[in-house]
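Coordinate inspection notes
Single-letter residue listing:
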Amino acid sequence: MNLKHLTDQQLIAATDVAAKVEVSAMTHLLHHLAEIQRRRLFSVYAVNSLFEYCVKRLKMSEPAASRRVNAVFVLMDVPEIGAKLQSGELSLSNVSQAQTFFNQEARMAEALTSPEKARILKSIENKGARRAKEILVASSSIRVELPKEGMQPISAEFHHLTAVIDEETKAGLERLQEIWSHSGSQRGFGAMLKKMTELCLSQVDPLKKSKQVSRSAKNSEKSASRVSETEVEIQSESATRVETETTTQSVVLDQLPTPTSESARSRHIPARVRHAVQVRDGGSCAYIDGCGDRCSSRTFVQFHHLIPFACSGEHTVENIELRCFSHNQRHAIDDYGTGVLSRGELRP
Ligand SMILES: [Zn+2]
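What this report covers is the structure whose coordinates are included nearby. (Residues numbered from 1 in each chain as written. Predicted model: local features only at pLDDT ≥ 70, side-chain atom pairs only at ≥ 80, totals over all residues.)

**Details of the overall build of the protein**
- Scanning the protein from N- to C-terminus turns up 14 helices and 4 strands.
- Across the 348 residues that make up the protein, the buried fraction comes to 21%.
- Contacts spanning at least 24 positions in sequence make up 60% of the contacts within the protein whose residues lie at least 6 apart. (Helix = DSSP H or I, 4+ residues; strand = E, 2+ residues; numbered from the N terminus. Buried ≥ 20, exposed ≤ 12 C-beta atoms within 10 Å, placed from the backbone. Contact = placed C-beta atoms within 7 Å.)

What follows is the structure in structure tokens.
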């Protein structure tokens with residue numbers, strides 16, 4: 001584009017117009033993203049959040065997606081900011097900062113109501129980013145400015161983690177340092193976190209537990225002839241315990257109303273089926289979208305019946321796959337309509 005022929009006055013006027021068009025297009029986009037979020041329509045694709053949808057589908061950079069998604073959540077909660085964004089009274093970066101602040105308040109103190117949010121947003125209208133941040137910090141009931149949590153890569157092997165912990169956690173970490181120092185373990189926080197992660201995953205990761213159970217099942221088959229009755233009892237007790245723990249990853253679709261004729265059937269997925277599904281799907285969401293891309297999210301993974309339980313779907317390895325929360329929710333919306341979103345039954 002060659003603009004050299006424009007006079008200074010024309011260039012200024014044309015730039016004013018271009019800036020207005022940009023703000024208008026951005027507000028237009030936010031309204032559309034809000035509707036996509038309301039319908040959870042992003043989960044049609046192999047992404048598990050609006051943020052991932054913006055990055056992977058709409059090709060936004062992560063910071064750009066983060067600002068827009070933040071603004072979308074503010075827009076959904078305080079719809080009147082749409083006009084303020086359009087007029088330029090509120091900037092995208094200030095609204096995004098405000099949402100980060102609202103999240104922090106909800107996490108560390110108490111969630112703000114929509115009128116409280118509207119009042120705070122009003123106070124950062126027509127302010128620069130730095131001044132807006134000062135106003136937000138001053139509005140905080142926490143009274144301290146918490147550093148942003150996050151993890152940044154610093155080399156091919158290492159990452160720098162920033163986290164905010166409370167007094168109780170600090171005391172716990174110091175106690176662990178004492179305990180592990182006796183066993184000759186390294187005392188650095190990174191080394192401690194590695195050890196804690198390994199210990200914790202061996203307890204709560206369904207995939208690791210599945211492998212342990214599969215291994216113990218194989219071992220028990222081999223030595224079956226030598227196993228005494230008492231040992232069999234101990235093993236079955238431990239298998240029952242694993243089943244109970246894994247059941248806390250409830251199958252959301254199974255919580256939805258089903259015909260009374262189904263009530264006689266057990267909703268309990270046998271442990272061996274759950275374990276086989278976990279191992280086959282690698283502990284991650286097996287949803288594949290229309291483009292053939294697999295989601296593979298590992299957060300809030302749940303069991304999903306391909307033929308719904310309510311339609312006589314069986315608890316078999318062939319009929320069950322893993323789904324992340326968003327894709328389990330997608331199936332629920334497809335089967336039962338968006339009404340399920342307001343009934344509060346679909347939660348991670
Ligand atoms: Zn998924």
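What follows continues from the structure just given.
**Looking at the environment of phenylalanine 102**
- Structurally, phenylalanine 102 is set in helix H5 (residues 92-108).
- Separated by 34 residues in the primary sequence, phenylalanine 102 and leucine 136 place their C-alpha atoms 9.3 Å from one another.

**Quick look at unusual backbone geometry**
- The phi dihedral of lysine 59 is positive, around 60°, even though this residue is not glycine.
- Within the secondary structure, lysine 59 sits in the loop between helix H2 (50-57) and helix H3 (62-77).
- Its 9 C-beta neighbours within 10 Å are what place lysine 59 among the exposed residues.

**Section: the pairing of strand E2 (residues 159-162)**
- Relative to E2, strand E1 (residues 150-153) is paired through 4 bridges, and the arrangement is antiparallel. For glutamine 152, the partnering residue across the bridge sits in E2 and is histidine 160.
- Linking E1 back to E2 in an antiparallel pair, the connection comprises 5 residues. (Pairing = 2+ DSSP bridges.)

**With respect to the packing of helix H1 (residues 8-39) against H3**
- Here H1 crosses H3 at 75°, and the two axes come no closer than 9 Å. Classified by the interaxial angle, the pair formed by H1 and H3 is roughly perpendicular. Contacts between H1 and H3 involve Leu30, Leu33, Ala34 and Gln37 from the former and Arg68, Ala71, Val72, Leu75 and Met76 from the latter.
- Taken together, the residues of the contact of H1 with H3 break down into 7 nonpolar, 1 polar and 1 charged. (Axes fitted to C-alpha atoms, helices over the stretch in contact; angles between N-to-C directions. Parallel < 35°, antiparallel > 145°, perpendicular 65-115°, else oblique. Nonpolar A, V, L, I, M, F, W, Y, C, P; charged D, E, K, R; others polar.)

**A short note on the environment of proline 308**
- Position of proline 308 among the secondary structure elements: in the loop between strand E3 (302-305) and strand E4 (320-323).
- Put simply, proline 308 and aspartate 335 are 27 residues apart on the chain and 9.2 Å apart in space, counted from C-alpha to C-alpha.

**Observations regarding H1**
- Between its terminal C-alpha atoms H1 stretches 47 Å, which fits the 46 Å expected from 32 residues at 1.5 Å a residue.
- Within H1, only 3 of the 32 residues are buried, leaving the element largely exposed.
- Turning to H1, its buried residues are Thr27, Leu30 and Leu33.
- Contact partners of the buried residues in H1: H2, H3 and helix H4 (81-87).
- Arginine 40 occupies a position one or two residues after H1 and carries a positive phi of about 55°. (Expected span 1.5 Å × (residues − 1).)

**Concerning H3**
- Across its 16 residues, H3 extends 23 Å between first and last C-alpha, which sits within 8% of the 22 Å expected from 1.5 Å per residue.
- Residues of H3 that are buried make contact with H1, H2, H4 and H5.

**With respect to the nonpolar core**
- Within the largest apolar cluster, 39 residues are counted, with the highest numbers of intra-cluster contacts made by Leu50, Val72, Val74, Ile81, Val95, Ala98 and Leu121.
- Secondary structure elements with two or more residues in this core: H1, H2, H3, H4, H5, helix H6 (114-123), helix H7 (129-139) and E4.
- It is H3 that provides the largest number of residues to this core, a total of 6 residues.
- When residues of this core are assigned to domains, at least three fall in each of domain 1 (8-139) and domain 2 (207-342).
- Apart from the residues lying within four places of it in its own chain, the contact partners of valine 95 are Asn70, Ala71, Val74, Ile81, Leu85 and Leu90. (Core = buried A, V, L, I, M, F, W, Y, C linked by C-beta atoms within 7 Å. Domains from an automatic or database assignment.)

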